[in-house]
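Chain by chain, the residues:
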Amino acid sequence: QRTRWSTRRLNHCTSPTRAMASDNDKKAMAVVYQCVFCGSYTVYEVASLTDHEVELIRAEKAAASSSSKKAPKGKGTMRDQHAAEEEYMSRISRQKHEAGVNWLPCSCCIEHYSGWRYMDLIHAVVERPDVVRLPLDSAVELFSSPLIPIVFEDLPPVYRKLDGKWTLAEGIGPRSLEVIKSQPSRLPASQFKVLLKGEVAKPPGIEFDSGGAPAVQSSQKGAQIAEVQYSYREFLSALWAIDNFEELLFAKAADSEAPEEGTGSFHLHLPEWGKNFVERPAMCMPEDLLAELTEQLRECKLERDALALVAS
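In short, a report on the structure. This structure is a prediction, so every number in the text was calculated from the model and none was measured. (Residues numbered from 1 in each chain as written. Predicted model: local features only at pLDDT ≥ 70, side-chain atom pairs only at ≥ 80, totals over all residues. Heavy atoms only, no water.)

**Comments concerning the environment of Phe152**
We apply this condition: The helix and strand labels rest on DSSP assignments: H or I over at least four residues marks a helix, E over at least two residues marks a strand, and numbering proceeds from the N terminus.
You can see Phe152 is positioned in the loop between strand S5 (145-149) and strand S6 (158-162). Placed 22 residues apart in sequence, Phe152 and Pro174 show a C-alpha to C-alpha distance of 9.3 Å.

**Focus on the pairing of strand S7 (residues 165-170)**
We count it as follows: Residue exposure (1.4 Å probe, protein chains only): buried if accessible area is under 20% of the type maximum, exposed if over 50%, otherwise partly exposed. Paired strands, in this sense, are two strands between which DSSP finds at least two bridges.
The buried fraction of S7 is high, at five of six residues. Bridging between S6 and S7 involves five bridges; their strand directions are antiparallel. Its bridge partner lying in S7, Leu162 is registered against Lys165. Where S6 folds back on S7, the antiparallel hairpin that results is connected by two residues, among which Asp163 adopts a positive phi of roughly 55°.

**Some words on the packing of helix H5 (residues 107-114) against helix H7 (residues 230-240)**
A pair of packed helices can be characterised by two numbers: the angle between their axes and the separation between those axes. Filter applied, for reference: Angular values range over 0 to 180 degrees, each being the angle between N-to-C directions of two axes fitted as lines to C-alpha atoms, with helices fitted over their stretch in contact. For classification, angles of less than 35 degrees are called roughly parallel, those exceeding 145 degrees roughly antiparallel, those between 65 and 115 degrees roughly perpendicular, and all remaining angles oblique. Any pair of residues with heavy atoms lying within 4.5 Å of one another is described as a contacting pair. All residues other than Ala, Val, Leu, Ile, Met, Phe, Trp, Tyr, Cys, Pro, Asp, Glu, Lys and Arg, Gly among them, are scored as polar; the first ten of these are nonpolar and the last four charged.
For the pair H5 and H7, the least separation of the axes is 8 Å and the interaxial angle reads 100°. In terms of orientation, H5 lies roughly perpendicular with respect to H7. Contacts between H5 and H7 involve Cys109, Ile110, His112, Tyr113 and Ser114 on the former and, on the latter, Tyr232, Arg233, Leu236, Ser237 and Trp240. Residue composition of the contact of H5 with H7, grouped by class: six nonpolar, three polar and one charged.

**A closer look at the packing of aromatic side chains**
Stated formally: Aromatic rings from Phe, Tyr and Trp, taking only the six-membered ring of Trp, are treated as a pair when their centres fall within 6.5 Å; an angle between ring planes under 30 degrees marks them as stacked, one over 60 as edge-to-face, and anything in between as tilted. Any Lys NZ or Arg CZ that is within 6 Å of a ring centre and within 35 degrees of that ring's normal is treated as a charge sitting over the ring.
Per the counting criterion, the structure on display carries ten aromatic pairs. Residues Trp103 and Phe245 carry aromatic rings whose centres are separated by 5.6 Å and whose planes lie at 65° to one another, so their mutual orientation is edge-to-face. Placement of Trp103 in strand S4 (residues 102-104) and of Phe245 in the loop between H7 and strand S10 (249-250) is noted, with a sequence separation of 142 residues between them. What makes Trp103 partly exposed here is its relative accessible area of 22%. For Phe245, a relative accessible area of 6% gives the class buried. Pairing Phe143 with Trp240 gives two aromatic rings, centres 4.7 Å apart and planes at 10°, and the pair type is stacked. Taken as a pair, Phe143 in the loop between helix H6 (118-127) and S5 and Trp240 in helix H7 lie far apart in primary sequence, 97 residues in all. Here Phe143 matches Trp240 in class, with each residue buried. Taking NZ or CZ as reference, Lys161 lies 4.7 Å from the ring centre of Trp166, over its face.

**Some remarks on the nonpolar core**
For clarity, the threshold we go by: Remark: nonpolar core denotes a set of buried residues (Ala, Val, Leu, Ile, Met, Phe, Trp, Tyr, Cys) joined through side-chain atoms within 4.5 Å.
Residues Phe37, Cys109, Phe235, Trp240, Leu268 and Met283 are the most contacted members of the largest nonpolar core, which totals 44 residues. When contributions to this core are tallied by element, the ones reaching two or more residues are strand S2 (28-35), H5, H6, S5, H7 and helix H8 (287-311). When residues in this core are grouped by element, the largest group, six residues, is from H7. Setting aside anything within four residues of it in sequence, one finds Cys109 in contact with Cys35, Phe37, Cys38, Ser145, Leu236, Trp240 and Met283. Residues Ala28, Val32, Phe192 and Phe277 belong to the second largest nonpolar core, which totals 15 residues.

**Observations concerning the pairing of S5**
With five of its five residues buried, S5 lies for the most part within the structure. Residues of S5 alternate between two faces, with Ser145, Leu147 and Pro149 on one and Pro146 and Ile148 on the opposite face, all of them buried. For S2 and S5, the ladder comprises three bridges, and the chain directions are antiparallel. Each bridged residue has a counterpart across the sheet, and for Cys35 the counterpart in S5 is Leu147. Judged from the three bridges that link them, S4 and S5 form a sheet pairing that is antiparallel. Residue Trp103 lies in a different strand from S5, and its bridge partner there is Pro146.

Written out as structure tokens, the structure reads:
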């Protein structure tokens with residue numbers, strides 16, 4: 001697997017393509033996340049390689065050095081700069097790894113829920129809100145899913161844009177990331193199947209075109225159209241209907257301790273995920289268990305609404 005997986009770091013000073021890239025592209029840092037609900041992969045920009053932060057790290061390293069020997073002019077400065085950049089990326093990677101679950105928008109989950117292609121939906125809710133009909137009367141940007149940063153060895157790899165492509169800058173992972181053209185932040189799961197053996201939910205079924213009309217259920221290329229997974233939609237609708245639904249998440253990484261129960265409040269019990277990736281997403285649970293979980297969420301919603309009514 002050495003042809004695809006490596007500990008490669010970007011050559012910051014010799015690549016002519018990097019000199020042509022925009023400042024934002026050059027400095028953006030991204031990490032690959034996997035959705036606990038559907039198992040899909042997304043690349044998220046998590047930080048920017050700011051000159052100020054890098055200079056602080058370089059100064060720290062210089063102050064900590066006990067050697068008084070000066071490095072050769074130019075080369076030493078550039079080497080120190082690269083070392084500081086790598087240290088900064090390593091710190092960001094460690095920070096995201098320690099943070100664990102992040103509630104972020106998952107385009108695949110939102111497609112399951114809405115029946116729209118994600119980018120079409122984002123444009124439609126702004127430009128043609130009258131054609132958008134969703135199960136819940138809530139803003140799309142409020143719908144989020146639990147995502148974890150994936151790890152191939154010790155820490156999540158960090159990627160930076162090189163010639164318009166996410167390229168490995170720090171850590172161990174694919175040399176570059178393939179993205180889905182229609183949704184540039186979503187990553188095909190096939191590129192990770194060698195090392196990540198987790199399951200991925202069935203693809204979303206698209207019911208509406210970019211104008212809000214029923215989508216034509218055929219393909220000029222003869223590709224099979226993904227059917228609507230109503231059990232997925234019902235699960236997400238039941239969850240997202242609850243206020244502060246993020247508080248319901250109760251799941252633990254393998255080999256970690258679970259929090260104490262018995263508090264009387266409802267928790268969302270999900271299959272355990274591995275330390276490095278999601279082994280079985282919620283939507284890959286047996287249908288009867290997913291249906292049971294969905295019903296529990298509905299009961300939780302009714303109970304909370306009743307308590308709120310009494311309190312008022």
